[in-house]
Amino acid sequence: MANAIGAAIAQIGGEVDRIFAMAPGSRDEVPATAKQEAVDRAVAAGAAPGSVQVMDIEEVPIAYLPGNATRIRVRAVGDLDLT
């Protein structure tokens, strides 16, 4: 019984972990795109759309790749959609 209750109140997550090319002038666009993709993945996994929040974002520049490559990892979670 306790496992069923825990599963019912658990939060649903979505995560993005990709390398993006940061073109000049796209400094704000790329993280916003990654955040939206993480939110969309959480909703697709069963989270209620209005409850999803971005919990963690990590940006790591990668010096050895051309084009201002940056690894962006975003984690979003939301409440289970029971409707």
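Residues numbered from 1 in each chain as written. Predicted model: local features only at pLDDT ≥ 70, side-chain atom pairs only at ≥ 80, totals over all residues. Heavy atoms only, no water.

Spatially, the three strands line up as an open sheet ordered β1-β3-β2, and their pairing is antiparallel. Edge strands, defined here as strands with exactly one partner in the open sheet, are β1 (11-21) and β2 (53-61). Each strand of the sheet is rotated relative to its neighbour by a mean of 10°, with strand direction disregarded. Taken together, the eleven bridges between β1 and strand β3 (residues 69-79) define a ladder with antiparallel strand orientation. (Pairing = 2+ DSSP bridges. Helix = DSSP H or I, 4+ residues; strand = E, 2+ residues; numbered from the N terminus. Axes fitted to C-alpha atoms, helices over the stretch in contact; angles between N-to-C directions.)

On to a nonpolar patch on the surface. Taken together, the side chains of I19, Y64 and L65 make up a nonpolar region of the molecular surface, amounting to roughly 360 Å² of accessible area. One can find Y64 in the loop between β2 and β3. (Patch = residues over 30% accessible without salt bridge, like charges linked within 9 Å, V, L, I, M, F, W, Y side chains within 5 Å. Areas by Shrake-Rupley, 256 points an atom, 1.4 Å probe, with all protein chains shown as cover. Salt bridge = Lys/Arg side-chain N within 4 Å of Asp/Glu carboxyl O.)

Mapped onto the fold, V74 is located in strand β3. Along the primary structure V74 and G14 are separated by 60 residues, whereas in three dimensions their C-alpha atoms are 8.3 Å apart. If sequence neighbours within four positions are ignored, V74 has contacts with G14, E15, V16, A34, K35, A38, V54, D56 and I57. (Contact = heavy atoms within 4.5 Å.)

It is worth spelling out the pattern of salt bridges at this point. Using the criterion set out here, one finds six salt bridges in the structure. Among the salt bridges present, the one from E15 reaches R73, with a minimum N-O distance of 3.7 Å. With E15 in strand β1 and R73 in strand β3, the pair connects residues that are 58 residues apart, well separated along the chain. A salt bridge links R41 to E37; the shortest N-O distance between them is 2.8 Å. With a gap of four residues between them, R41 and E37 both fall in helix α2 (residues 29-44), about one helical turn apart. Through salt bridges that share partners, E15, D56, E58 and R73 make up one connected network.

Coordinates in, geometry out; function isn't part of it.
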